[in-house]
Amino acid sequence: MKHQRAARPSLALPIAAFAAMTLALGAVPASASAAPPPPAPPSAPPSVDACRLPAAVGGLGSGFPVDDQALPAVGTLKAALLLVDFDDHPASPGSAPEAVANLASGAEYLERVSGGRLDVTTTASDGWVRMPEPSTSYPFERGLSYADHVRYIGDAIAAADDTFDFSDVDVVWVTATKEAPNITYSPTTNFLDVTADGNHLTHAVTFGYDQWRWGGLVLAHESGHTLGLPDLYLFEAPPEDPGNYHAAVGGWDLMGLISGAGPEYFAWHRWQLGWIDDDQVVCAGPRRTTSARLAPVARSGDASPGKDAMVVYPLSATRAVVVENRQPVGYDEGIGARGALVYTVDASVRSGEGPVRVVDSTPGSADGLDDAPFAAGSSWTEPTTGAVLTFRAGPAGTLKVTVKP
Ligand SMILES: [Zn+2]
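Residues numbered from 1 in each chain as written. Predicted model: local features only at pLDDT ≥ 70, side-chain atom pairs only at ≥ 80, totals over all residues. Heavy atoms only, no water.

Participant: Is there a simple way to explain the nonpolar core in this structure?
Facilitator: In this structure, Trp173, Tyr265, Trp268 and Tyr343 are the most contacted members of the largest nonpolar core, which totals 63 residues. If you tally residues by element for this core, the top one is helix H3 (residues 96–113), at 7 residues. Of the domains in this structure, domain 1 (50–66 + 230–404) and domain 2 (75–226) are the two that each give at least three residues to this core. (Core = buried A, V, L, I, M, F, W, Y, C linked by side-chain atoms within 4.5 Å. Buried < 20%, exposed > 50% of the residue type's maximum accessible area, 1.4 Å probe, protein only. Helix = DSSP H or I, 4+ residues; strand = E, 2+ residues; numbered from the N terminus. Domains from an automatic or database assignment.)

Participant: Explain H3 to me, please; I cannot follow it from the model alone.
Facilitator: Each α-helix winds once per 3.6 residues, and so residues spaced three or four apart point in a common direction. Over its 18 residues, H3 extends 27 Å from the first C-alpha to the last, a length consistent with the 26 Å expected when each residue adds 1.5 Å. Gly115 sits one or two residues past H3 and shows a positive phi near 65°. (Expected span 1.5 Å × (residues − 1).)

Participant: Is there a simple way to think about the sheet that holds strand E15 (residues 379–381) in this case?
Facilitator: Strands belonging to one sheet form pairs held by backbone hydrogen bonds; the direction of such a pair is parallel or antiparallel. Ordered in space as E10-E17-E16-E15, the 4 strands form an open sheet in which the pairing is antiparallel. At either margin of the open sheet sits one strand with a lone partner, and together these are strand E10 (290–294) and E15. Pairs of neighbouring strands in the sheet enclose a mean axial angle of 15°, with direction left out of account. When E10 meets strand E17 (residues 399–404), the two strands line up antiparallel, connected through 5 bridges. Bridge pairing in E17 links Arg293 to Lys400. (Pairing = 2+ DSSP bridges. Axes fitted to C-alpha atoms, helices over the stretch in contact; angles between N-to-C directions.)

Participant: Would you mind going over the coordination of the zinc ion with me for this structure?
Facilitator: Tetrahedral coordination by four donors places them ideally at 109.5 degrees to one another around the metal; octahedral coordination by six donors ideally gives 90 or 180 degrees. Bound to the zinc ion are the protein donor atoms His221 (NE2), His225 (NE2) and Asp231 (OD), situated 2.0 to 2.1 Å from the metal. In primary-sequence terms, the residues that donate to the zinc ion follow H-x3-H-x5-D. A single burial state applies to His225 and to Asp231, both of which are buried. (Donors = N, O, S within 2.8 Å, 3.2 Å for Na, K, Ca; no water.)

Participant: Sorry if this is basic, but what is going on with the environment of Ala372 here?
Facilitator: Mapped onto the secondary structure, Ala372 falls in the loop between strand E14 (356–358) and E15. Once the C-alpha coordinates of Ala372 and Asp360 are considered, the two residues, 12 residues apart in sequence, prove to be 4.3 Å apart. Residues in contact with Ala372, not counting those within four places in the same chain, are Trp252, Leu341, Val358, Val359, Asp360 and Ser361. (Contact = heavy atoms within 4.5 Å.)

Participant: So what exactly am I meant to see when it comes to the sheet that holds strand E13 (residues 339–346) here?
Facilitator: With mixed pairing, the 5 strands of this open sheet are ordered in space as E9-E11-E12-E13-E14. Here the strands that pair on one side only, and so sit at the sheet edges, are strand E9 (281–283) and E14. Strand-to-strand twist in this sheet, taken as the mean axis angle between neighbours without regard to direction, amounts to 25°. Relative to strand E11 (residues 310–314), E9 runs parallel, the two sharing 3 bridges.

Participant: What's the story with the packing of H3 against helix H6 (residues 217–226) in this structure? I'm lost.
Facilitator: When two helices pack together, their arrangement is given by the angle between their axes and by how far apart the axes lie. Interaxial distance between H3 and H6 falls to 6 Å at its minimum, and their mutual angle equals 50°. One finds that H3 runs oblique with respect to H6. H3 and H6 meet at a crossing whose hand is right-handed. Only Leu217, Val218, Leu219, Ala220 and Ser223 of H6 make contact with H3, whose side of the interface consists of Leu103, Ser105, Gly106, Ala107, Tyr109 and Leu110. Here the residues of the contact of H3 with H6 are counted per class, giving 8 nonpolar, 3 polar and no charged. (Parallel < 35°, antiparallel > 145°, perpendicular 65-115°, else oblique. Left-handed = near helix turned anticlockwise from the far one by under 90°. Nonpolar A, V, L, I, M, F, W, Y, C, P; charged D, E, K, R; others polar.)

As structure tokens, this is what we get:
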């Protein structure tokens, strides 16, 4: 019995191999041409859908699709930029252009990193808008509540409404004068509930004094939340690494550390946002060796990147290993180590709890995750599956990645 069944696997061979074999046997009955076509080889690469981890938490996260409260990341994002000052901290004369210019670099980041798929149009208020309350009535330094924050945004919109047209606005940006350092930081809400000029406004970011430390990239970080991305720094430092809020991704993504050396968005984020296409994603399966040639992540939005953006190797229904190529180009120009950046994505982990975690190629080194990328010529064994990932240099800064299950 077993011997007879053993003949069947030949049906799984590709057609050409089957024909060659029958010719070699030389005794094929004419009726053989009526045999059913051989089934697809069992080693067919999985569809990219197998790598598109479905969201397993509500709100901001790393699964697909992004939260339904997020604004579209493709198309035009129309922003109202309200410059506000206060009776107790009036803006200095002539300071409006500086405030506009600081945040403009963040909008430029979004346009560049999206490969032009997101077009940000910013309309600034005509000079400074005086808030109805002194700056001290908005307790940014004393535990700002959600109610305080939406009151601040609502006051800014009301103060500007006489001279500003909100009828076509997607997101409201409120930036406080540099003279009010007690407006300390820059939070975001995707749940505003204010109507102005007949438009229901739902998304807002307010920029405080920290923008002068971070630079305009704080706008790009906060806009990441507007578009549905999670925080990748840790809201609580790990017990084994006290005080290290950047233990998950270090400085390798803007959602992890605005001042990091490599603030390009992860390829995974770009895929979530629709900034790279499915055909730039190589989905590795559990039963066949998969290879890809990766362009630097900073080039993935180019009109013709020519090469793949990332390799994804699913570990479970919610987890996957991702490999991308980080080179000192674009916003990554200051990185200290280059090569294959490997990380895990978990679509069941919430914002601020480590939905993305970078694998350190040099665990225990003094540089933390700064030297995390795997250099060309090295390899890594995924500990839960035993899959071996190898990394080799290709031409023009590309990186050849092979996943061998
Ligand atoms: Zn954030």
